[in-house]
Amino acid sequence: MSNIGTVFRKLRKSKGLSQKEVAAGILSPQFLSEFERGYSNISLLNFISLLDKINVQITEFKIHSDELTDQTQQHFLSNYGKAYRARNVIKLNELIGTQDKLYRNFNLPRFQHNLILLKQRINQLSNLPFNQTDANLIYNYLVNCEEWHNYEVCLFGNSAFSISLPQVEKLARIALSKINQYENYS
């Protein structure tokens, strides 16, 4: 996330706090300035300490940082959902172009997964068969994922329509076991 420092600066200023006040006891004001301008990286511990100083929770910070980028998964899912509900194949194809560019630039699996979801939905809307190789790619990712978080749950929910019934049943059992593990932790 390249906008962390920018978002932090915006939040710090909105609280009326100076760099000197916020940096005190954590790092130098000069280093904080470099971080806010994107010239330096910061450790997670220092970052959380800085957020604490400006009274911002990490979840709040994420919401603010997501507002500044269209590369977030929430942004994609929102546009994908709108296009699908409207049965807008043109918009789905536009999203393919965007996700393909992101995948080529960043080579992250989620962009590849998004491409698969989009293509499978277009096949569904066009009454064409699903691409089983693509469906298996998502299935294998989910089966081999040691821990499921929000991303994996959303991926399962959004891809179940194109995965075979036995695979959906297996993934549902995996999801249920993950939920039970989290209940034991709490």
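Coordinates for the structure precede this section.
First, a word on scope: everything that follows refers to the structure included in this document. None of the values given here were measured: they were computed from a predicted structure.

Let's talk about empty space enclosed by the protein
Then, in step 1: Counted according to the given criterion, the structure contains one cavity of 30 Å³ or more.
Then, in step 2: Estimated volume of the largest cavity: approximately 40 Å³.
Then, in step 3: Looking at the largest cavity, the residues that line it are Gln73, Leu77, Asn114, Leu117, Tyr151, Cys154, Leu155 and Asn158.
Then, in step 4: Within the residue set of the lining of the largest cavity, elements represented by two or more residues are helix H6 (73–85), helix H8 (109–125) and helix H10 (150–159).
Then, in step 5: Taken together, the residues that form the lining of the largest cavity break down as five nonpolar, three polar and no charged.

Digging into a nonpolar patch on the surface
Then, in step 1: Taken together, the side chains of Leu44, Ile48 and Ile58 define a hydrophobic patch exposed on the protein surface, amounting to about 290 Å² of accessible area.
Then, in step 2: In this fold, leucine 44 is placed in helix H4 (residues 44–53).

Regarding the nonpolar core
Then, in step 1: Judged by nonpolar contacts, the single largest core of 25 residues is most densely connected at Trp148 and Leu171.
Then, in step 2: Listed by contribution, the elements that provide at least two residues to this core are H6, helix H7 (89–106), H8, helix H9 (132–144), H10 and helix H11 (165–185).
Then, in step 3: For this core, the leading source of residues is H8, giving six residues.
Then, in step 4: If you look at the next biggest cluster of nonpolar residues, it comprises 14 residues, including Phe8, Leu11, Leu50 and Leu51.

A closer look at the state of the cysteines
Then, in step 1: Applying the stated criterion to the full structure yields zero disulfides.
Then, in step 2: Left without a disulfide partner, cysteine 145 is nearest to the cysteine sulfur of cysteine 154, which lies 13 Å away.
Then, in step 3: Looking at cysteine 145, the relative accessible area reads 15%, which means it is buried.

Here's the deal with H7
Then, in step 1: Taking 1.5 Å as the rise per residue, H7 with 18 residues should run 26 Å; its terminal C-alpha atoms sit 25 Å apart, in good agreement.
Then, in step 2: Of the positions making up H7, those classed as buried are Leu92, Leu95, Ile96, Gln99 and Leu102. One side of H7 carries all its buried residues, which in axial view fall inside an arc of 135 degrees. Looking at H7, the residues exposed on the side facing more than 90 degrees away from the buried face are Ile90, Lys101, Arg104 and Asn105.
Then, in step 3: The distance from a side-chain oxygen at the start of H7 to the backbone nitrogen of isoleucine 90 is 3.2 Å, and the residue carrying that oxygen is asparagine 88.

Scoring rules and cut-offs
Residues numbered from 1 in each chain as written. Predicted model: local features only at pLDDT ≥ 70, side-chain atom pairs only at ≥ 80, totals over all residues. Heavy atoms only, no water. 1 Å grid on protein atoms, 1.4 Å probe; cavity = no way out; pocket = protein on both sides within 12 Å on 5 of 7 lines; lining within 4 Å. Points joined across faces, edges and corners; volume = space filled by probe spheres on them. Helix = DSSP H or I, 4+ residues; strand = E, 2+ residues; numbered from the N terminus. Nonpolar A, V, L, I, M, F, W, Y, C, P; charged D, E, K, R; others polar. Patch = residues over 30% accessible without salt bridge, like charges linked within 9 Å, V, L, I, M, F, W, Y side chains within 5 Å. Areas by Shrake-Rupley, 256 points an atom, 1.4 Å probe, with all protein chains shown as cover. Salt bridge = Lys/Arg side-chain N within 4 Å of Asp/Glu carboxyl O. Core = buried A, V, L, I, M, F, W, Y, C linked by side-chain atoms within 4.5 Å. Buried < 20%, exposed > 50% of the residue type's maximum accessible area, 1.4 Å probe, protein only. Disulfide = S-S within 2.5 Å. Expected span 1.5 Å × (residues − 1). Arc of directions from axis to C-beta. Polar contact = N/O pair within 3.5 Å; in protein donor to acceptor, adjacent residues only side chain to side chain.

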